[in-house]
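These are the residues of each chain, in order.
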Amino acid sequence: MFIDVHAYHLSAALQILVGIDTIAIHPWELKSPFDQLAFDNNWIDVCKKSYHMLAIGECGLDRAHENIVDIDTQKEVLKKHFELANERSLPIIIHSVRAYSDLLGMLKRKPFKNNILLHAFGGNDYEVQELLKYPVYFSYGARLLKNPLTISIIPIDRLLLETGDQTEISIEQIYSKAAELLNISIPELQKIIKKNFLTFFNQSNDESSSDFIKNLNIRHKPRELF
Ligand SMILES: [Zn+2]
């Protein structure tokens, strides 16, 4: 089984689909100047829909994207997402671009008790070591095909894989590259990722997990209509 923990496009893999399984306000949606009224309206929607979601995300911090609000406002918004995830006892999926030290600062000030997924992880060795002090999982995507990155220093039980917003790259390609970099077979990697995926969502890795997986596929059914 190929598991794609952060996907925007429906495929044959077992997926967590942004907007179907998760909800948040993405930092790119926070256009500058900050429109408090628009934000409040969107936030009400996020809070309502969060009752039906498996995770809060993707939300986060981005120091590279143009024409979005300043980093302090982004931090305020991310703080709200952490609080919401705490209230709902949900894990959180984070977008972070050139902002791992900002994120670490926030976690140091107020540790988050649920699991955190750093999607399309692109941090360095030092950041990996610091982030490992928290319940962080590292998800690798398309960049892995060009760059070995830090995948080999991630503890194997904190690793996940994704396609993200890519349409030209399949999750099978990402698994194949990751297996090569980690020097393990694809079936072995699939077993590891499945266990990590279930742990991330607080599911046990036994017979009972089949319901979680079955329900996930049922949730995606309506997407086939589009
Ligand atoms: Zn992202």
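Presented here is a report on the structure given in the accompanying data block. What you are looking at is a predicted structure, and each value in this text was computed from that prediction instead of being measured. (Residues numbered from 1 in each chain as written. Predicted model: local features only at pLDDT ≥ 70, side-chain atom pairs only at ≥ 80, totals over all residues. Heavy atoms only, no water.)

1. A closer look at the pattern of salt bridges
- Evaluated as defined, the whole model comprises nine salt bridges.
- Note that Lys 133 and Glu 130 form a salt bridge whose closest N and O atoms lie 3.0 Å from each other.
- By relative accessible area, which is 12% here, Glu 130 ends up buried.
- We note a salt bridge from Lys 214 to Asp 211, for which the minimum N-O separation is 3.8 Å. Highlighted residues: Lys 214 and Asp 211, both in helix α7 (residues 209-220), separated by three residues, approximately one helical turn.
- Residue Asp 211 is classed as partly exposed on the basis of its relative accessible area, which comes to 44%.
- One network of salt bridges, with partners in common, ties together Arg 63, Lys 75 and Asp 102. (Salt bridge = Lys/Arg side-chain N within 4 Å of Asp/Glu carboxyl O. Buried < 20%, exposed > 50% of the residue type's maximum accessible area, 1.4 Å probe, protein only. Helix = DSSP H or I, 4+ residues; strand = E, 2+ residues; numbered from the N terminus.)

2. Let's talk about the sheet that holds strand β7 (residues 136-140)
- Across the sheet, six strands lie side by side as β3-β4-β5-β6-β7-β8; this open sheet has parallel pairing. Here the strands that pair on one side only, and so sit at the sheet edges, are β3 (22-23) and β8 (159-161).
- The pairing of β3 with strand β4 (residues 55-62) spans two bridges and is parallel. Of the residues in β4, the one forming a bridge with Thr 22 is Ala 55.
- Seen against the sheet, helix α6 (residues 186-200) touches β5 (92-97), β6 (116-118), β7 and β8 and runs at an angle of roughly 100° to β8. (Pairing = 2+ DSSP bridges. Contact = heavy atoms within 4.5 Å. Axes fitted to C-alpha atoms, helices over the stretch in contact; angles between N-to-C directions.)

3. Thoughts on the state of the cysteines
- The full count for this structure, using the stated rule, is zero disulfides.
- Of the cysteine sulfurs around Cys 47, a residue in no disulfide, the closest is that of Cys 59, at 12 Å.
- Accessibility expressed as a relative area gives 0% for Cys 59, which makes it buried. (Disulfide = S-S within 2.5 Å.)

4. Structural notes on the pairing of strand β1 (residues 3-7)
- With five of its five residues buried, β1 lies for the most part within the structure.
- Judged from the three bridges that link them, β1 and strand β2 (residues 14-17) form a sheet pairing that is parallel. Within β2, the residue paired with Ile 3 across the bridge is Leu 14.

5. Concerning the coordination of the zinc ion
- Bound to the zinc ion on the protein side are Glu 58 (OE), His 95 (ND1) and His 119 (NE2), at distances that span 2.0 to 2.2 Å.
- Sequence spacing of the donors to the zinc ion: E-x36-H-x23-H. With His 95 in strand β5 and His 119 in the loop between β6 and α4 (125-131), the pair connects residues that are 24 residues apart, well separated along the chain. (Donors = N, O, S within 2.8 Å, 3.2 Å for Na, K, Ca; no water.)

6. Here we look at the packing of aromatic side chains
- Overall, the coordinates contain 12 aromatic pairs when judged by the stated rule.
- Ring geometry for Tyr 137 against Phe 200: centres 5.2 Å apart, planes inclined by 75°, an arrangement best described as edge-to-face. Here Tyr 137, found in strand β7, pairs with Phe 200, found in helix α6; they are 63 residues apart in sequence, far enough to count as distant. The same class applies to Tyr 137 as to Phe 200, namely buried.
- Each ring, one from Phe 200 and one from Phe 201, has its centre 4.9 Å from the other, and the planes form 90°; the classification is edge-to-face.
- On the basis of relative accessible area, Phe 201 is assigned to the buried category, the value being 7%.
- The rings of Tyr 137, Phe 197, Phe 200, Phe 201 and Phe 212 are connected pair by pair, giving a single aromatic cluster. (Phe/Tyr/Trp six-rings, centres within 6.5 Å; stacked < 30°, edge-to-face > 60°.)

7. Topic: the layout of surface pockets
- Of the volumes computed, that of the largest pocket is approximately 520 Å³.
- Along the walls of the largest pocket sit 25 residues, with His 95, His 119, Ala 120, Arg 143 and Asp 165 positioned nearest its centre.
- Ranked by the residues each element gives to the lining of the largest pocket, the list is headed by β5, at three residues.
- Residue classes in the lining of the largest pocket are distributed as 10 nonpolar, nine polar and six charged.
- Considered as a void within the structure, the second largest pocket measures approximately 210 Å³ in volume.
- Lining of the second largest pocket is provided by Lys 75, Glu 76, Lys 79, Phe 82, Glu 83, Asn 86, Met 106, Arg 109, Lys 110, Pro 111 and Phe 112.
- Of all the elements in the fold, those that place two or more residues in the lining of the second largest pocket are α2 (71-88) and α3 (100-109). (1 Å grid on protein atoms, 1.4 Å probe; cavity = no way out; pocket = protein on both sides within 12 Å on 5 of 7 lines; lining within 4 Å. Points joined across faces, edges and corners; volume = space filled by probe spheres on them. Nonpolar A, V, L, I, M, F, W, Y, C, P; charged D, E, K, R; others polar.)

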